[in-house]
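A closer look at the structure
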Amino acid sequence: NIKKNKQKNKLNLSFSTRFLINNESLLLTNLSIKEKHIEFKSNGKISGDFLHSKISSFKVKSNLNANLSHLEQIKNYINQDIQLPKLTGKISLNTLVDNQSLNKGRIKFEFGSKKVAVNNFIIGDLHTDGTLNRYSKNKFEVNLKKLKLKNSSGHITLDKFNLNIAEKTNFSTDLVI
């Protein structure tokens, strides 16, 4: 339990992990952080020269599920000066980060939301999955298999979304309304 001074309210967090560490790697088999309306889980392996604080590669899988309306309460325990918009709805994010170095790698992700609104602006339900590939410090690519957005105004789908950022930026997608 984390307790803010001079307040009766508590922020109840549970934290658990299992890991194995040596000079060359950190094997994380179960990292779990839970709060009443938010849950984060992760596992993976980080390799490098830990004695000299150098990471050479890592592969980490993570999952996040959150009720956005509860973020305001958590923020108040951490720092009341932070300004957040009014958020409602639920989100989920699953990622697999596979980096061969700090400048090259891939993130596979799946993101979903249900009934999301920001300052009473209804975004709705969104679902997408794709990859973010980093080829060098200044060159990367975002690929989405499909992005679906649905709310009371209708729905829209982006198929085969591709964004390349390097010296020249390229963008392509198929729009389905």
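Conventions used here
Residues numbered from 1 in each chain as written. Predicted model: local features only at pLDDT ≥ 70, side-chain atom pairs only at ≥ 80, totals over all residues. Heavy atoms only, no water. Core = buried A, V, L, I, M, F, W, Y, C linked by side-chain atoms within 4.5 Å. Buried < 20%, exposed > 50% of the residue type's maximum accessible area, 1.4 Å probe, protein only. Helix = DSSP H or I, 4+ residues; strand = E, 2+ residues; numbered from the N terminus. Polar contact = N/O pair within 3.5 Å; in protein donor to acceptor, adjacent residues only side chain to side chain. Phe/Tyr/Trp six-rings, centres within 6.5 Å; stacked < 30°, edge-to-face > 60°.

Some points on the nonpolar core
By size, the foremost hydrophobic cluster in this structure holds nine residues: L11, I38, A66, L68, I74, Y77, L87, I91 and V116. Counting only elements with at least two residues in this core, the list comes to α1 (71–78) and β7 (87–99). Grouped together as the second largest cluster of nonpolar side chains are seven residues, F109, L147, L158 and F161 included.

Focus on the side chain of S113
Structurally, S113 is set in strand β8 (residues 105–118). For S113, a relative accessible area of 8% gives the class buried. Separated by 3.5 Å, the side chain of S113 and the backbone oxygen of G124 make a polar contact.

Considerations on the packing of aromatic side chains
Tallied over the entire structure, the rule returns one aromatic pair. Seen from their ring centres, F161 and F171 are 5.2 Å apart, and the 70° between their planes marks the pair as edge-to-face. With F161 in strand β11 (residues 154–165) and F171 in strand β12 (residues 170–176), this pair connects stretches of sequence that are 10 residues apart. Accessibility expressed as a relative area gives 15% for F161, which makes it buried. The exposed category is assigned to F171, whose relative accessible area is 53%.

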